[in-house]
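What follows is the residue order along each chain.
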Amino acid sequence: MSTVVGTDQALRARAARVVPGGMYGHMNAVFMPPNFPQFFARGEGPRVWDVDGNEYVDFMCSWGPILLGHRHPVVEEAVAGQLAEGDVLNGPSARMVELAEVLVDQVPHADWAMFCKNGTDATTLGLTVARSATGRRKVLVARGSYHGIGGWSMAPTARGTTEEDHLNTVFYEYNDLASVEAAVAGGDIAAIAVTPIRHDVYRDLEPCAPEFARGLRAICDRIGAALLLDDIRCGLRVDMAGSWEPLGVRPDLSAWSKSLANGHPLAALLGNDAFRDGAQKIFATGSFWMAASPMAGALATLRELRESDGIGAMRRAGERFQAGLREQASAHGLVVNVTGPPQLPFLTFAGDTDFARATAWAGECGRNGVYLHPTHNWFLGAAHDDEAIDRALQGTDEAFRAIRERDGGD
Ligand code: PMP
């Protein structure tokens, strides 16, 4: 009897030989339930197909970058047009200035923009600018928050980092001003880094308390440190002007990436005039940072998002999805907690401390054509239309039924 080995399994086996273990696919994809694919063939609108031809309604959106749907025609046309002219040149194209102008108009705290590639570039650049402007060394980071793979932002236990990498990082607790006061007491603070909401893995999403955001602003003003908002995950999904604009709190620096160019590689650091001098004195560059085609893609993405009220579309789709999940869980007698802004939803099961039930449920969702994650928040996009949400809710209903049949009700 011959065993049929799918393309995904075959690619995993080949990758195991030539790519250090687990580095195939998006690195986080290795934490997906075992039946989830690691390798993908294509995406279109709100859907993706794995290399074995299975179709999914996609609620990870490439872990954030896909904002308007996969292969959005207007964005792809802008990128293709720029590629036909030139992409990586001896300096930036006019698109860089145009994009900086658009971002400075769109984001009230920003007087200037600098571009790079990944989120880690943007947050690390933010810290470099803050240090350059203040002449100080330390950065405050909320325990459990993710700001990329710069040594300064990783857990002190992270393998391959040194004690020295963490010397200038001081931890505080999200939404706890007293812990921030304690952390700044040692002085030498260049920046306080913060995410717009608490979206750490392995926990329900938690909104930022408005008084916490205001308190951070006041502390930064008092001690002369930069408030660095890491808008890499929420940016352009919550508010085009920045995710703390609804709270009325403006950072000094904000880091953007992921969704900026609908999947094309681009990140940005935005800043205010107080940090302009510090920014212009640093040395920061990258071989691909000035590539013109992602900037053309970003211009098209921002125009399209604004003109089509893309954030409104993803919010409405997310509200339908969240409401549907709550109703289904309750109908199956399962107690769940659905959290997060509708554009970045997440679901946990009551009492599921080891996330075993969430993992089993997500696995069933995958079998039923819905790609979402058991321990990391999900992402909606403007391409999630009613049909995609209806199709997804059929899959999630089957998944709840399977869990109910396996475990019984709560
Ligand atoms: N900050 C936040 C809040 C993020 O979610 C991420 C990526 N998940 C990063 C920084 C790092 O971005 P990148 O993976 O593009 O370096």
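Computed from a predicted model, the values in this text were never measured in an experiment.

Comments concerning the side chain of serine 254
Then, number 1: Residue position: serine 254 is located in strand β9 (residues 253-256).
Then, number 2: For serine 254, a relative accessible area of 1% puts it in the buried group.
Then, number 3: A polar contact is formed between the side chain of serine 254 and the side chain of histidine 109, at a distance of 2.7 Å.
Then, number 4: Engagement of the side chain of serine 254 in a polar contact is seen with the side chain of tryptophan 256, the distance being 2.8 Å.

Section: the packing of helix α3 (residues 94-106) against helix α8 (residues 292-307)
Then, number 1: Across the interface, α3 lies against α8 with an axial gap of 9 Å and an inter-helix angle of 35°. As α3 runs across α8, the sense of the crossing is left-handed. Where α3 approaches α8, its residues Arg95, Met96, Glu98, Leu99, Val102, Leu103 and Gln106 are matched on the opposing element by Ala292, Met295, Ala296, Ala298, Leu299, Leu302 and Arg306.
Then, number 2: In terms of residue class, the contact of α3 with α8 is built from 10 nonpolar, one polar and three charged.

Some thoughts on the sheet that holds strand β13 (residues 370-371)
Then, number 1: Here four strands make up an open sheet; going across it, the order is β1-β2-β3-β13 and the pairing mixed. Either end of the sheet is taken by a strand with one partner, and the two such strands are β1 (40-44) and β13.
Then, number 2: Bridge analysis of β1 against strand β2 (residues 47-50) gives four bridges, and the strand direction is antiparallel. Residue pairing in the sheet places glutamate 44 in a bridge with arginine 47 of β2.

Description of α3
Then, number 1: Compared with the 18 Å implied by 1.5 Å per residue over 13 residues, the 19 Å span of α3 between its first and last C-alpha is a close match.
Then, number 2: Contact partners of the buried residues in α3: β4 (112-116), β10 (267-271) and α8.
Then, number 3: The N-cap of α3, judged by a side-chain oxygen 3.0 Å from the amide nitrogen of arginine 95 a few residues on, is serine 93.

Brief notes about the pairing of strand β8 (residues 226-230)
Then, number 1: Among the five residues in β8, five count as buried, and that is most of the element.
Then, number 2: Side chains Ala226, Leu228 and Asp230 of β8 all project onto a buried face; the interleaved residues Leu227 and Leu229 project onto the opposite face, where all are buried too.
Then, number 3: Pairing of strand β7 (residues 189-194) with β8, which is carried by four bridges, proceeds in the parallel orientation. Looking at β8, one finds that alanine 193 is bridged to leucine 228.
Then, number 4: One crossover worth recording links β7 to the parallel β8 by way of helix α6 (residues 210-223), and it is right-handed.
Then, number 5: As defined by bridge partners, β8 adjoins β9 across three bridges and the pair is classed as parallel. In the sheet register, aspartate 230 faces β9, and the bridge partner there is alanine 255.

What counts, and at which threshold
Residues numbered from 1 in each chain as written. Predicted model: local features only at pLDDT ≥ 70, side-chain atom pairs only at ≥ 80, totals over all residues. Heavy atoms only, no water. Helix = DSSP H or I, 4+ residues; strand = E, 2+ residues; numbered from the N terminus. Buried < 20%, exposed > 50% of the residue type's maximum accessible area, 1.4 Å probe, protein only. Polar contact = N/O pair within 3.5 Å; in protein donor to acceptor, adjacent residues only side chain to side chain. Axes fitted to C-alpha atoms, helices over the stretch in contact; angles between N-to-C directions. Left-handed = near helix turned anticlockwise from the far one by under 90°. Contact = heavy atoms within 4.5 Å. Nonpolar A, V, L, I, M, F, W, Y, C, P; charged D, E, K, R; others polar. Pairing = 2+ DSSP bridges. Expected span 1.5 Å × (residues − 1). Right-handed = clockwise from strand over helix to strand, strands pointing away.

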